[in-house]
Amino acid sequence: MISFPKNFYWGAATASYQVEGWNENTDWAQAAKDGKVPKAGRLADHYHRYEEDFDIAKELGHNAHRFSIEWARIEPEEGKFDYEEIEHYRQVLQALRKRKIEPFITLWHFTLPLWFANRGGFERNDSPQVFARYCAFVTKELGDLCTHFSTINEPNVWAGHGWLYGAWPPFKRARILGKKLGKDDGSTRRVGAIAKNRHVLTYFKVERNLVRAHIEAYNAIKSACPEIQVSVVKHVRWFTSDGRISNRIKAAVMQYLQSGRYMKKIHRHLDEIGLNYYRVTKFGDNKNYLKTDMNWDAFPSGIYGALLTLKKYKKPVFVSEAGLADADDDMRAQYLQIQIAHTAKAIQAGVDVRGHMYWSLIDNYEWALGVDKKFGLVHVNYQTLERTIRPSALVYKKIIERNGAGG
Ligand code: BGC
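Keep in mind the model is a prediction, meaning the values are calculated, not measured.

For the coordinates displayed, the defined rule picks out 37 aromatic pairs. Where F4 meets F8, the ring centres are 4.7 Å apart and the plane angle is 50 degrees; that geometry is what we call tilted. We classify F8 as buried; its relative accessible area is 3%. Relative to F299, the ring of Y289 lies with its centre 5.3 Å away and its plane at 55 degrees, an arrangement referred to as tilted. Here Y289 is found in the loop between β11 (280-283) and α11 (303-308), whereas its partner F299 is found in the loop between β11 and α11, with ten residues between them in sequence. Classification of F299 as buried rests on a relative accessible area of 13%. Among the aromatic residues, ring-to-ring pairing joins W71, W108, W115, F116, F122, F131, Y134, W158 and W163 into one connected group. The lysine or arginine in question, K345, covers the ring of Y304, its NZ or CZ lying 4.2 Å from the ring centre.

Its 17 residues give helix α12 (residues 332-348) an end-to-end C-alpha distance of 24 Å, which sits within 8% of 24 Å, the value for a rise of 1.5 Å per residue. Within the span of α12, buried status applies to R332, Y335, L336, Q339, I340, H342, T343, A344 and A346. Elements that come into contact with the buried residues of α12 comprise β1 (9-13), α11, β12 (317-322), β13 (353-359) and α13 (391-401).

Another aspect to go through is empty space enclosed by the protein. This structure, assessed with the given rule, holds two cavities of 30 Å³ or more. Listing elements by their share of the lining of the largest cavity, those giving two or more residues are α1 (16-19), α3 (46-59), β2 (64-68) and α5 (83-98). Per-element accounting of the lining of the largest cavity gives the leading share, four residues, to α3. Considered as a void within the structure, the second largest cavity measures approximately 30 Å³ in volume.

Turning our attention to the site of the ligand. Taken together, the neighbourhood of the ligand is formed by 13 residues, with Q18, H109, E154, E321 and E366 sitting nearest. Residue W367 places a side-chain N or O atom 2.9 Å away from an oxygen atom belonging to the ligand. For the ligand, whose unbound accessible area comes to 310 Å², protein coverage reaches 95%. A per-class count over the shell around the ligand returns six nonpolar, four polar and three charged.

This part takes up the nonpolar core. Ranked by size, the top nonpolar core spans 115 residues in total, and within it W71, F122, F131 and W158 carry the most contacts. Broken down by element, this core gets its largest block of residues, nine residues, from helix α9 (residues 198-224). Leave out the neighbours within four places in its chain, and W158 touches W108, F110, L112, F122, W163, W168, V206 and L210.

The rules behind these values
Residues numbered from 1 in each chain as written. Predicted model: local features only at pLDDT ≥ 70, side-chain atom pairs only at ≥ 80, totals over all residues. Heavy atoms only, no water. Phe/Tyr/Trp six-rings, centres within 6.5 Å; stacked < 30°, edge-to-face > 60°. Buried < 20%, exposed > 50% of the residue type's maximum accessible area, 1.4 Å probe, protein only. Helix = DSSP H or I, 4+ residues; strand = E, 2+ residues; numbered from the N terminus. Lys NZ or Arg CZ within 6 Å of the ring centre and 35° of its normal. Expected span 1.5 Å × (residues − 1). Contact = heavy atoms within 4.5 Å. 1 Å grid on protein atoms, 1.4 Å probe; cavity = no way out; pocket = protein on both sides within 12 Å on 5 of 7 lines; lining within 4 Å. Points joined across faces, edges and corners; volume = space filled by probe spheres on them. Near = heavy atom within 4 Å. Polar contact = N/O pair within 3.5 Å; in protein donor to acceptor, adjacent residues only side chain to side chain. Areas by Shrake-Rupley, 256 points an atom, 1.4 Å probe, with all protein chains shown as cover. Nonpolar A, V, L, I, M, F, W, Y, C, P; charged D, E, K, R; others polar. Core = buried A, V, L, I, M, F, W, Y, C linked by side-chain atoms within 4.5 Å.

Next up, the structure:
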């Protein structure tokens, strides 16, 4: 059995829009009204049922939980902050603390307040300051109850879906040398996205603003609350190859564009790093892998390569998301065991991994794909709101109890 460091954080993650319900004041809710993405509505009603969900997390042995704050609830109008919503999230944090579950807050996980999106969102030059003002406000209000704050969830995935593939708001699809980006294979919806060359340039502009947004937020948070540990949550797809030189070059270029580039610009403004891992691309490898319900190759061991790409930044890392959609729950237990064994291997190879948070605690809204993709350790019946623990969650519980990879 592989042992993890003492005080290792074990748990799961969620994000506000995906589980809370009724986040109507956002760009995603507007896109749903426009018929471009599925409606979210009540979902798991986690906004009112977090106590019940944290009881389940506790029962499953978790000692950490990652969740996000809905920006549109806190700042429903530009510059106006809602103290009742702050009070709500204070209660959420107290509910975790009461159960001895360490909170990890993400300040922004994909959904924007409608007013911010309508005035141009992260395309605007002043967006980093607007974002930093919100982050400083939240950390000042909640910093006594939480030490770990992430600024942005997956900057490149978000910008890529919005400005390259046209699958998420603001639905801008890019064209390069006459070729539309994003596969038209039915794996996502892309309602009304029109491909244009100039969207590539806007993508880079948005990426630049997301770099500045993180740095401005980092500085604002640290000057208000120096003890807070600030991170970015970075999606790292692990690009590798069959070893042929041309494929090795392709893998290196893609690794740089997808994650190295962003990290290079912000790594001096980080206290720790969150890693979201889901996928591998192996250039030159035509093998058929088992597929998850997202039709992604099931490749849990790839977390090792993804974690190693972060070693050079010499920061504590926590796995902020990793998991799979598996409605039948017949792959999840083994997937988790392999994922955790390879996380241990990365620790042995010198990556300072401090925690592992499976995605996701409960079933949720999988963005443009709606609620059919089941990532949860816990099944949610959307009619009755009944929660049912999936068997794989108990395998994870055993691993946690042993603080190691034995199932
Ligand atoms: C996101 C989650 C999403 C998950 C599965 C991550 O990219 O942070 O919001 O549900 O992947 O697709």
